[in-house]
Each structure stands twice: as C-alpha cells, then as structure tokens.
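Listed below are the residues making up each chain.
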Amino acid sequence: MKKFLFIFAAVLFISTLSCNADEWDDFSGVEHAWDGQKSVTNQEFEQAIDTLEGKKREKEAKKRKKMIKKISGGGESLHPNLSTDSEIKALTPLKENKDGMLLNIPVHLVINQQPLEKGFYKVIGERDKNNNIYLSFYQSQFFKGKVKAIETQDDYGQETMDFVELLPFDDKYVKIIFGSLDFNAYAFVRFF
C-alpha cells in the first residue's frame, strides 16, 4: 500500500511539473512586452488629468446647483440679490472681543489730571454695576488710565463692529469713539 501511495504521489508531482512547464512558455516574451508602446509627454499627461478633474468639477457644480435649488426653490426671484446664481456666503459667528483694540494716540492726553503720553494703547470698553461705561487704556500689561464714556447708538460709519478711533474735536479736546458687540460709546478727552 505504501508503494502504491508513493508511486501515485510521484506521478502526480511529475504531471504537475509538466503542466506548469507549458505555462512558463507564456512568460518568455515578458522583456519585450513594452516594445510597441508609445511614450507620453508631460503635456499629454496634464491634459488627461485636466479632463478627469474637469468631470469632477462638473459633478460638484451640478451638486451645488441642486443644493441651491433645494434652498431657494429653483424659481427666479424678483430681487437680483436672491438669484440662484449668487454666491452663498458663510457667516462668521459673532464673538465678544475681550482683548481690547489697539489705538494710536499722536498727542499727549490728560486723563484724571494725569498725562498720558503719545503711543499705542490697548483700549478696553467696560460696563460697571451702575451701568456706567469706562474706556481703560493699557500699554503692554500696565494700566495707564480710565475715562468715563457716554453710550450712543451711532456706529460712526465704521465697517466693522469692533472699533476704536481718536478724532479731532477742537483746540483742546479729542473725541475717542469706541464700538463693540455690547455697546458704542464716545468720550471727550483733553490734550496738550
């Protein structure tokens, strides 16, 4: 029985070798496989990539139009700003500016009978318990002075919500305008 199994295994092994030998003949021309192919230039490659990316952009444009149609209903609007072709702008969330704003003071100011030298100051607007508004002046981390301000609804034509500016008023006073998310205010300060 052992002889029979040994002979059977040998015949099976030899037959598989002969079958695999036929398959090895198919790989004899592997080194010549790329002989007939044309080389591609950088320009042709870039054109092919642009074509593929163009199809991707078209899909994204269709997806965007579909989204706009869902939002606006797809019809034409009477108002030109509400057209379906107009860009949808992302709104940035409003946040309170706790760090203050930088103000260049080109003259010497008098705050609480103390001189405030020329220079750059960080101005922070604060409301106290009694609902009074104060503008505090800092240079670096050092407190330099505080002025009581008057609240107003005027935004002074500023384009941003947070602003501080020094405006000339007359021969003895300047007007400091301040705006934040919480309030707009102004203060008259004497200068020399």
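Residues numbered from 1 in each chain as written. Predicted model: local features only at pLDDT ≥ 70, side-chain atom pairs only at ≥ 80, totals over all residues. Heavy atoms only, no water.

Q: What is the right way to read the overall build of the protein chain from this model?
A: Each helix and strand in the protein chain was counted, giving two helices and nine strands. What you see in the protein chain, going N to C, is helices and strands ordered as α-α-β-β-β-β-β-β-β-β-β. Put simply, the protein chain has 192 residues, and 20% of those count as buried. Accessible surface, the protein chain: about 16000 Å² in total, of which carbon and sulfur atoms supply 56%. (Helix = DSSP H or I, 4+ residues; strand = E, 2+ residues; numbered from the N terminus. Buried < 20%, exposed > 50% of the residue type's maximum accessible area, 1.4 Å probe, protein only. Areas by Shrake-Rupley, 256 points an atom, 1.4 Å probe, with all protein chains shown as cover.)

Q: Even after reading the chapter, I still don't get the environment of serine 136, so can you show me in this structure?
A: Topologically, serine 136 is positioned in strand 5 (residues 133–139). Once the C-alpha coordinates of serine 136 and glutamate 126 are considered, the two residues, 10 residues apart in sequence, prove to be 7.7 Å apart. Excluding residues within four positions of it along the chain, serine 136 makes contact with Lys122, Val123, Ile124, Glu126, Phe143, Gly145 and Lys146. Of note is the side chain of serine 136, whose polar atom sits 3.0 Å from the side chain of glutamate 126. (Contact = heavy atoms within 4.5 Å. Polar contact = N/O pair within 3.5 Å; in protein donor to acceptor, adjacent residues only side chain to side chain.)

Q: What am I meant to see in the packing of aromatic side chains here?
A: We describe a pair of aromatic rings using the distance from one ring centre to the other and the angle between the two ring planes. Under the criterion given, the structure shown has six aromatic pairs. Centre to centre, the rings of tyrosine 121 and phenylalanine 137 are 6.4 Å apart; their planes meet at 85°, and the pair counts as edge-to-face. Of this pair, tyrosine 121 sits in strand 4 (residues 119–127) while phenylalanine 137 sits in strand 5, placing them 16 residues apart in sequence. Across the pair, exposure class does not vary: tyrosine 121 and phenylalanine 137 are buried alike. Centre to centre, the rings of phenylalanine 178 and phenylalanine 183 are 5.9 Å apart; their planes meet at 35°, and the pair counts as tilted. (Phe/Tyr/Trp six-rings, centres within 6.5 Å; stacked < 30°, edge-to-face > 60°.)

Q: Please explain the pattern of salt bridges as it appears in this structure.
A: Oppositely charged side chains can pair when the atoms bearing their charge come close. A complete count under the given rule lists two salt bridges for this structure. A salt bridge links arginine 57 to glutamate 53, with the shortest nitrogen-to-oxygen separation between them at 3.8 Å. With arginine 57 and glutamate 53 both in helix 2 (residues 42–72) and four residues apart, the pair spans about one turn of that helix. A relative accessible area of 38% places glutamate 53 in the partly exposed class. (Salt bridge = Lys/Arg side-chain N within 4 Å of Asp/Glu carboxyl O.)

Q: Sorry if this is basic, but what is going on with the nonpolar core here?
A: Here is a general trend for soluble globular proteins: nonpolar side chains tend to be buried in one another's company. Leu103, Ile105, Leu109, Leu135, Phe137 and Ile176 are the most contacted members of the largest nonpolar core, which totals 22 residues. Where this core is concerned, the elements lending two or more residues are strand 1 (101–105), strand 2 (109–111), strand 4, strand 5, strand 6 (142–152), strand 7 (163–168), strand 8 (173–179) and strand 9 (184–191). Discounting residues that sit within four places of it in the chain, leucine 109 has contacts with Gln114, Pro115, Leu116, Leu166, Val174, Ile176, Val189, Arg190, Phe191 and Phe192. (Core = buried A, V, L, I, M, F, W, Y, C linked by side-chain atoms within 4.5 Å.)

Q: How should I be thinking about a nonpolar patch on the surface in this particular structure?
A: On the surface, Val40, Phe45, Ile49 and Leu52 cluster together into a nonpolar patch covering about 390 Å² of accessible area. For leucine 52, the position within the fold is in helix 2. (Patch = residues over 30% accessible without salt bridge, like charges linked within 9 Å, V, L, I, M, F, W, Y side chains within 5 Å.)

Q: Whenever I open this one, the pairing of strand 4 confuses me. Can you help?
A: Here is the key point about a regular strand: its side chains alternate between the two faces of the sheet. Pairing analysis gives five bridges linking strand 1 to strand 4, with the strands arranged antiparallel. Bridge pairing in strand 4 places leucine 102 opposite lysine 122. The sheet contact formed by strand 4 and strand 5 spans six bridges and is antiparallel. When the bridges of strand 5 are listed, arginine 127 appears paired with isoleucine 133. Hairpin remark: strand 4 followed by strand 5, antiparallel, with five residues in the connecting loop; positive phi at asparagine 131, about 70°. (Pairing = 2+ DSSP bridges.)

Just geometry here; none of it tells us what the structure is for.
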